[in-house]
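Summary of structural features
What follows is each chain in one-letter form.
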There are 2 protein chains.
Amino acid sequence: MTSTVSKDYLKNLKNKILSYTEVDEDLLNHWLGYYKRIDVKKGDTLISPGQMVEHFYYVAKGCIYYYKLEEGEQKVLEFYTEDIFFTDLPAYVKETPSDYYLKASENTIVYAISKSDGENSFKKSHQLERFGRLSMQEAFMKIFTRVERLSNRTNEERYLRLLEKRPDLLQRVPQYLIASYLGLTPVGLSKIRKRISISQQS
Amino acid sequence: MTSTVSKDYLKNLKNKILSYTEVDEDLLNHWLGYYKRIDVKKGDTLISPGQMVEHFYYVAKGCIYYYKLEEGEQKVLEFYTEDIFFTDLPAYVKETPSDYYLKASENTIVYAISKSDGENSFKKSHQLERFGRLSMQEAFMKIFTRVERLSNRTNEERYLRLLEKRPDLLQRVPQYLIASYLGLTPVGLSKIRKRISISQQS
DNA sequence: TTATTTTATTAAACTGGTTTAATCAGTTTC
DNA sequence: GAAACTGATTAAACCAGTTTAATAAAATAA
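Owing to the predicted nature of the structure, the values given are computational and were not obtained by experimental measurement.

**Re the packing of aromatic side chains**
Residues and elements named next belong to chain B. Across all of its chains, the model carries 36 aromatic pairs over all chains by this definition. Arranged with centres 6.1 Å apart and planes meeting at 80 degrees, the rings of W31 and F131 form a pair that is edge-to-face. On the criterion of sequence distance, the pair formed by W31 in helix α2 (residues 25-34) and F131 in helix α5 (residues 126-152) is long-range, its members being 100 residues apart. Each member of the pair, W31 as well as F131, carries the same accessibility label: buried. For the pair F79 and Y181, a centre-to-centre distance of 5.4 Å together with 55 degrees between the ring planes defines the contact as tilted. Linking F79 in strand β5 (residues 73-81) with Y181 in helix α8 (residues 175-181), this pair joins segments that are 102 residues apart in sequence.

**Thoughts on the sheet that holds strand β7 (residues 101-104) of chain B**
As summarised here, the arrangement of the four strands in space is β2-β7-β4-β5 (chain B), forming an open sheet in which the pairing is antiparallel. Both edges of this open sheet fall to β2 (45-47) and β5 of chain B, since each of them pairs with a single strand only. Taking the axes of each pair of neighbouring strands and ignoring which way they run, one obtains an average angle of 30 degrees across the sheet. Where helix α5 (residues 126-152) of chain A meets the sheet, it contacts β4 (63-70) and β5 of chain B, and its direction lies at approximately 135 degrees from that of β5(B).

**Points about the protein's contact with DNA strand C**
Neighbouring DNA strand C are 16 residues, the closest being Q175(A), N155(B), T185(B), K191(B) and R195(B). Considering the 4 Å shell around the protein, atoms of DNA strand C inside it are sugar or phosphate in 70% of instances. One nitrogen or oxygen atom from the side chain of R193(A) is found 3.3 Å from a phosphate oxygen belonging to DNA strand C. With respect to DNA strand C, the side chain of N155(B) contributes an N or O atom lying 2.9 Å from a phosphate oxygen. Broken down by secondary-structure element, the contributors of at least two residues to the surface near DNA strand C are α8 (175-181) and α9 (186-200) of chain A together with α9 (186-200) of chain B. Here the element with the most residues in the surface near DNA strand C is α9(B); it accounts for five residues. Across the surface near DNA strand C, the residue classes break down as six nonpolar, six polar and four charged.

**What about the protein's contact with DNA strand D?**
Residues in close proximity to DNA strand D total 17 residues, the closest being N155(A), T185(A), K191(A), R195(A) and Q175(B). In this structure, N155(A) approaches DNA strand D through a side-chain N or O atom, which is 2.9 Å from a phosphate oxygen. In the environment of DNA strand D, a phosphate oxygen lies 3.5 Å from a nitrogen or oxygen atom belonging to the backbone of G188(A). Elements with a contribution of two residues or more to the surface near DNA strand D: α9 of chain A together with α8 and α9 of chain B. The element contributing the most residues to the surface near DNA strand D is α9(A), with five residues. Taken together, the residues of the surface near DNA strand D sort by class into six nonpolar, six polar and five charged.

**Points about the interface of chain A and chain B**
Opposite the 34 residues of chain A that make contact, chain B presents 34 residues. Carbon and sulfur atoms supply 66% of the area buried between chain A and chain B, which totals about 3500 Å² over both sides. The three residues of chain A that bury the most area against chain B are H126(A), R133(A) and F140(A), which together make up 18% of that side's buried surface. In this assembly, chain A and chain B are joined by twelve salt bridges. On the surface where chain A and chain B come into contact, there are 14 residue pairs in polar contact (both at pLDDT 80 or more). For the side of chain A that touches chain B, the secondary-structure elements that each account for two or more residues are β4 (63-70), β5 (73-81), α3 (89-94), α4 (115-124) and α5 of chain A. If you tally residues by element for the side of chain A that touches chain B, the top one is α5(A), at 18 residues. Taken together, the residues of the side of chain A that touches chain B break down into 15 nonpolar, six polar and 13 charged.

Analysis parameters
- Residues numbered from 1 in each chain as written.
- Chains lettered and ligands numbered in written order.
- Predicted model: local features only at pLDDT ≥ 70, side-chain atom pairs only at ≥ 80, totals over all residues.
- Heavy atoms only, no water.
- Phe/Tyr/Trp six-rings, centres within 6.5 Å; stacked < 30°, edge-to-face > 60°.
- Helix = DSSP H or I, 4+ residues; strand = E, 2+ residues; numbered from the N terminus.
- Buried < 20%, exposed > 50% of the residue type's maximum accessible area, 1.4 Å probe, protein only.
- Pairing = 2+ DSSP bridges.
- Axes fitted to C-alpha atoms, helices over the stretch in contact; angles between N-to-C directions.
- Contact = heavy atoms within 4.5 Å.
- Near = heavy atom within 4 Å.
- Polar contact = N/O pair within 3.5 Å; in protein donor to acceptor, adjacent residues only side chain to side chain.
- Nonpolar A, V, L, I, M, F, W, Y, C, P; charged D, E, K, R; others polar.
- Buried area = accessible area lost by both parts, 1.4 Å probe.
- Salt bridge = Lys/Arg side-chain N within 4 Å of Asp/Glu carboxyl O.

Structure below.
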């Protein structure tokens, strides 16, 4: 039973990869074979500060949030939900201890591939290297639009946009994490919500 | 004479590429052959809104700034100076008209490779594809640290950091562009500078 | 179910920026 | 060398956020 479900997630991962570029069936299956499933319970951490980051991850189900402690304050950089790749890239690339937490905000299933398996495969296969490039390019573009909005939009606009683009997030994640993600205090976000609710009625 | 100078810049570009990954001499020379030099005079635009972005660029000399007009205001996203790659990636990737300007803040020399030449070479060569992936990864990490600072640092800290990391920029670029890059008005930046100068004396 | 803890809202005082407009200093242009 | 621009500073009024602290509401545990 569990193995059936597990197989479904690998199917999603497979489709995700194929959405970037063509990869031969055998090669792709071999690649998928490197992934191991990790179940992360709500509140558990996948990575904490000081740890090395030796894997690249894929969220099959659930939500992982990526944050750091800055003078005792949680600073959320990103939420990773279903069907997206993630890792702590700075630590992963530089092979230095992480400064971040990767924590599950709900019961979560991720698939992990080790850096050595990943890099070796990239070296051996042009197709996989290409997948690596294109997925990195997509990641760049996503973070780019974020910088764009950070410099062009007000906090209220960014909140409304989040509400529109990722409506699920506000259901599954506490509001103070959303506030942190938006670069606000919980108090500040509450004021914005109030302002919106007032301007909407009437 | 000009051709000698020109050759030097290609040498820099060559070394830049080799800093990411090994590429066979012949292949690399063939790749370099696709680049054409473009001289951009101070104040000239390489790209403006509405244009298609069909090249990936390398700054050999000078400074290109990347901005958009938002309600008549210049919003600067980045300054590209010597030995760095750039393009308007969203437009380049999606093949849609640009929303941005790429303008020279001083007389500038860039090298440009067309998207078709670039993509074809990536398809044909695993080594070049790898270069593409690793340079994209580096670009991601740079913009990532920027998002990190946008959420963790004050405007004053970001100004001081820019002063430290890219001291040349404040000499070669007018202050109101720096202000925009930092997400401030010229007035705001002036106040910050005043605050700093006061706290430094005594 | 009640008690406890966690999360969200509200209020009041404050702060680091904005906007607008005036002034000042350097550069260009003629 | 005066006139006309461009860029930087200053001042005053303003505003969207913060901080701190109290309260309310919701979730969790006993």
